Structures are given as C-alpha cells and as structure tokens.
Amino acid sequence: MVRRLLCFILLILLLSGCGIQRSLPLPFFKPMTEEDEVKISREFRREAKKHLELVSNPELNRYIDKVARRILSVMGPQPFEYRFFVVKNSQLNAFAVPGGSIYVHTGLIERVNSTDELAGVLGHEIIHVKSRHIARMSGPDPISLLGLLGVFLAGGGPQAQAAGALSQGLAATRQLSYSRKVEQEADTLGVKYMAEAGYDPRGALRFLKLIDQERILNPVDIPSYMLTHPLTQERIGSVSLLVRSLGVQRPRAERPDPIKRVQLILRLEKGEVDRVIEELKKLVSQNPEKAEPKHLLGMAYHYNRMWALAREGYEEARSLDPNIPGIDRDLGRLFTQTGEFRLAHEAFKRSLVAEAKEPLTYLYLGRLFEKESQFGEAVGAYLRATNLSPLWDEPPRRLGVVYGKMNRLGDAYYYLGRSYLLQDEDEKAIAALERAVDNFGEASPRGDLIRDEIEFIRERS
Ligand SMILES: [Zn+2]
C-alpha cells in the first residue's frame, strides 16, 4: 500500500515538474503517528537500496553501529528501532529518516578527524529521529513525506544523472531542511548525550567548524550536510557555550582512535592499496616506536592478501601496544585465512577477553569453527553475535548456512527468513519462513510459532 503510494506520488511530482509544494492537494491528510514513521522508514530503506550504493564492509558498519549504540545506551527507552547505513558517496553528508533509519556518507567519515566528531553527527541525527522533528514540522503528512523522500532519493542519489532529477532532488532536500529551532534542539541534546556516553563534546563543535570551513573554502559547493541541517554562526556559538558549560570531561574513547582504522578500510576499498602501503611504510620508518602505523600497515598487507607481511605488521604492533583496538581480532581473521587454526583461536580468545561483547569477533569466530567443520560451535558463536546485535542481518544468514550444512533444514530456512526480514525483503522472508514451517511440520509447536510470525509480517506490509 505504502509502496504503491510512493510510486504514485513520485509520478505526480515528476510529471508536474514544478518543484514540490509543501502540502500536496491530496484528499488524505492526517498527522503522522509513530507507526507511520516506522512504515516510512522501512519503505525508505527499500527504495534506498535501489538508489544509493551502500557499503557492505562489516568492520565499517559495525563501527558506526557501535558508536551510535553507545550514545543510544544513555538515552533510555526509545520509540524506534534505529538502523545505521553507510552510503558510498564523496559528499560530506548524513541524514535521518523518520522512524529510525540513519545514513552516513563515506565522504563524511573520510573527512572527520576523530570518532568524537562522528559521535557528534550521530548524536544530532538520533535526536532528529527521537524528537520526531520531521513529523512535528508543520508540513508534510505521511503520504506527501514519502513522496518527498522518494524525490530526494531519486534526485539526490549518487547515480542521479539527469539534470531534472538532480534539481528535483535538490528541491526535495530543501523541503526536508530542518528549522533553526529543531537544529538547536538536535545540537543541544545530541551534545549532551554524546558526552554522557563518554565521547568528547568538543568533537561536535569541531565538526560544525569543519563544515563551516568547507563552505568558506568552496562557497559554490555548499556541503550537502548544510542543505538539510542549515548551519549558522548562532549554532556554532551555542554549541560552543554548551561544551564549555559541560566542562572538559575525561573522554572514554578508545586509543588509538579507531577512526584511523576505518578510514584506512575506506581507502583500501577504493582501490588505493599501493599508495596506502607506500604512505604507511614511510610513516612506520619515521615512527619506529609507534604501534598504530605498524598495525595499519599490517591491515593494508592483509587486505592485499600478503599474509606474512600482514602477520609481521600485526605482531610488531602488538608487541609495542597489546591494547590497540581490533588487533587480536585482525590476527584471528588472518590465522583463520592462513589455516593456522590454533593461533586463530588464541587470538580470538584474547580479543574477547579485551572486549567480551563485540559481535564482529563472534562472527569471525563462527567462520573459524565452520572452517574446522565444528558446526555446533559455529552455531553457538553466530547466536552470540545475533544476541549482541539483533538488527544485524549477517549472523542469522550464516546461521541459515550452517544449519543447512548440518541438514537441519527447518532451522536453516528459519534463520534465512530472519536475515531477509532484517534486509526488509519481506517476500523472500515469508517464502523462507514457509519452508521452515514445512520442515518443522504444520502441527509442531515451532511451526505454529513461525506461522504467527508470517501472519505478523503479512499484516504489517
Ligand atoms: Zn540537523
């Protein structure tokens, strides 16, 4: 229903070609409920997958998720399930869709100087969602909002070529621009919560100055972030005052800052492997006593499947500083790939001692068990990952695969269905869940429960 309306509105807007009116002359006009927002979010995610290029690297996605969840953890019960996505796009931008879907561009991750700055952006976007800023804006009702978001996607996506679609997208972006008042609110609460979560609130201020600087350096090309989140000197001033009133707290951020690791992954994914290796080699020779450049160089070699050099980089870095974030997990993955399973287990064990609740480590541990054909253990690891990160679609997908190998087809289809559901692929989810019911048997208690789930998915869509 919602999807059909989205297409309908898109069509009207594209045909009319006269920009977007804030209130479309549609017969149904009602204020947005939280339920509407959840539906909008789900529908937007489906469309976004077609129009935006999303980054699938688990290291990168888990990192964003982790920073955001840490902020959410101090905010109390939330009206929405938040989902975070990274968009492959060089523009400095981040945006939130009502109902809890938040998108961050790689261009923003590449430009920030610290995890604290990124936490500032995420805190701000989360407040826009939590405080239902778009729903509270006098303008769009759910139906016209979906239309606006559709145009925003069609015109604002990186694939948009046609000038018409681009200007439509720009107009939609302007329509979705937040007011001064809600920007202030998102700044104030965002900074408050990020600081409570242990991030340095000065990061939020540095980020605002960063966009301001981009605008001054390149006045023609306004950073996209400023189109939806208008930046004023007033905002910078009030955040500055707020940060001062909070005092400089002792931030709990990890050291060295994992943002460097994430930025390296982005460059490697872009194919800059050789250049990155040259740069890091130079950095290592200039700073032989520092662990971080050696770790990053090891990662670059690892990415390039140069196993021996990767191991050397990791082990040297580890001997200089055993507490570098992620190093034992990297070693565990490397040893899994080279078939040195005993060493891999030791590395993952150390990694879980340092950080017992990291779902990514359990995912990699599951893969190690799979390689050793220890399927029962693999299931245990993937279940841990699922419990730690219930909205992540990869652990249930792996569970589906492993149960398949164990010839437990009911469970295999059940978890594949759950994975599809998390990817917003309702039809595929229903098909898989129905096969799970067939395998468990219609009359079995498990089959009965899954039937209920199928009914629920059908009703909500
Ligand atoms: Zn904003």
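Data block above holds the structure.
Residues numbered from 1 in each chain as written. Predicted model: local features only at pLDDT ≥ 70, side-chain atom pairs only at ≥ 80, totals over all residues. Heavy atoms only, no water.

Caption draft 1: Inspection of the overall build of the chain at higher detail. Tallying secondary structure elements over the chain gives 24 helices and three strands in all. Looking at the 461 residues of the chain, the share that counts as buried comes to 54%. Long-range pairs, those at least 24 residues apart, make up 65% of the contacts in the chain between residues at least 6 apart in sequence. When the accessible surface of the chain is split by element, carbon and sulfur atoms take 54% of a total near 21,100 Å². (Helix = DSSP H or I, 4+ residues; strand = E, 2+ residues; numbered from the N terminus. Buried < 20%, exposed > 50% of the residue type's maximum accessible area, 1.4 Å probe, protein only. Contact = heavy atoms within 4.5 Å. Areas by Shrake-Rupley, 256 points an atom, 1.4 Å probe, with all protein chains shown as cover.)

Caption draft 2: Inspection of the environment of Leu363 at higher detail. Assignment of secondary structure puts Leu363 in helix α19 (residues 359–371). For Leu363, a relative accessible area of 0% puts it in the buried group. Each C-alpha atom, one on Leu363 and one on Ala378, is 8.8 Å from the other, the two residues being 15 residues apart in sequence. When near neighbours in sequence (up to four residues on either side) are disregarded, Leu363 contacts Tyr382, Ala385, Trp392, Glu394, Pro395 and Arg398.

Caption draft 3: Broad picture of the packing of helix α3 (residues 58–72) against helix α13 (residues 259–269). Packing of α3 against α13 leaves a shortest axis separation of 10 Å and a crossing angle of 145°. In this structure, α3 crosses over α13, and the sense of that crossing is left-handed. In contact with Glu59, Leu60 and Tyr63 of α3, α13 contributes Ile259, Arg261, Val262, Ile265 and Leu266. Grouping the amino acids of the contact of α3 with α13 by side-chain chemistry returns six nonpolar, no polar and two charged. (Axes fitted to C-alpha atoms, helices over the stretch in contact; angles between N-to-C directions. Left-handed = near helix turned anticlockwise from the far one by under 90°. Nonpolar A, V, L, I, M, F, W, Y, C, P; charged D, E, K, R; others polar.)

Caption draft 4: Fine view of the coordination of the zinc ion. Distances from the zinc ion to its protein donors, His124 (NE2), His128 (NE2), Glu183 (OE), Glu183 (OE) and His229 (ND1), fall within 1.9 to 2.7 Å. Written as a sequence motif, the donor residues of the zinc ion are H-x3-H-x54-E-x45-H. Of this pair, Glu183 sits in helix α9 (residues 180–196) while His229 sits in the loop between α11 (224–228) and α12 (233–246); the two residues are 46 residues apart in sequence, bridging distant segments of the chain. Across the pair, exposure class does not vary: Glu183 and His229 are buried alike. (Donors = N, O, S within 2.8 Å, 3.2 Å for Na, K, Ca; no water.)

Caption draft 5: Representation of the pairing of strand β3 (residues 101–105) within the structure. Burial analysis of β3 places five of its five residues in the buried class, the great majority of the element. Side chains of β3 alternate between two faces, with Ser101, Tyr103 and His105 and Ile102 and Val104 buried alike. In this structure, strand β1 (residues 83–87) lies alongside β3, joined through five bridges in parallel fashion. Paired with Val86 across the strands is Val104, a residue of β3. Linking strand β2 (residues 94–97) to β3, which pair antiparallel, is a turn of three residues; within it Gly99 sits at a positive phi near 95°. (Pairing = 2+ DSSP bridges.)

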